[in-house]
Amino acid sequence: MKNGSRIASTAIASLLALGALGIASTASAAQDGAKEKCYGVAKAAQNDCAANGHSCQGMAKTDNDPAEWKYVPKGECETAGGKTSAPGSAK
């Protein structure tokens, strides 16, 4: 009886944990939807992703490089002095 109770408790705990992960990923997706890439505002070593010949975040060499980008709240990029399109893009 103790093993059956332990298995049931473990199963319930697993389901609760998976439910919590689902809620967290939904919140993360909603948060990402409220942001946009902003080129030219990232400080050195504070870019969010690959650009400018490197493949990792945090590898920007200079402040405000027009080819480096950082996520900012949607609608705030141009206010911060950046652009929402990459240099040389048709957008």
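Our structure's up above, just so we're on the same page.
Residues numbered from 1 in each chain as written. Predicted model: local features only at pLDDT ≥ 70, side-chain atom pairs only at ≥ 80, totals over all residues. Heavy atoms only, no water.

### Here we look at the overall build of the chain
Scanning the chain from terminus to terminus reveals 1 helix and 2 strands. Scanning the chain from its N terminus toward the C terminus, one meets helices and strands in the order α-β-β. Expressed as a percentage of the 91 residues in the chain, the buried residues total 19%. For the chain, the proportion of contacts with a sequence separation of at least 24, taken over those separated by at least 6, is 52%. For the chain, the computed accessible surface area is about 6,500 Å², with 59% contributed by carbon and sulfur atoms. (Helix = DSSP H or I, 4+ residues; strand = E, 2+ residues; numbered from the N terminus. Buried < 20%, exposed > 50% of the residue type's maximum accessible area, 1.4 Å probe, protein only. Contact = heavy atoms within 4.5 Å. Areas by Shrake-Rupley, 256 points an atom, 1.4 Å probe, with all protein chains shown as cover.)

### Let's talk about the environment of Gly81
As for its placement among the helices and strands, Gly81 is situated in the segment after β2 (69-73). For the pair Gly81 and Tyr39, spaced 42 residues apart in sequence, the C-alpha separation works out to 9.0 Å.

### Let's talk about the environment of Glu68
Tracing the sequence through the fold places Glu68 in the loop between β1 (35-39) and β2. On the basis of relative accessible area, Glu68 is assigned to the buried category, the value being 1%. In the structure, Glu68 is positioned 19 residues away from Pro87 in sequence and 9.5 Å away in space, judged by C-alpha atoms. When near neighbours in sequence (up to four residues on either side) are disregarded, Glu68 contacts Cys38, Tyr39, Gly40, Ala42, Asn47, Cys49, Ala51, Asn52, His54 and Ala60. In terms of polar contacts, Glu68 uses its side chain to reach the side chain of Asn47, at 3.4 Å. (Polar contact = N/O pair within 3.5 Å; in protein donor to acceptor, adjacent residues only side chain to side chain.)

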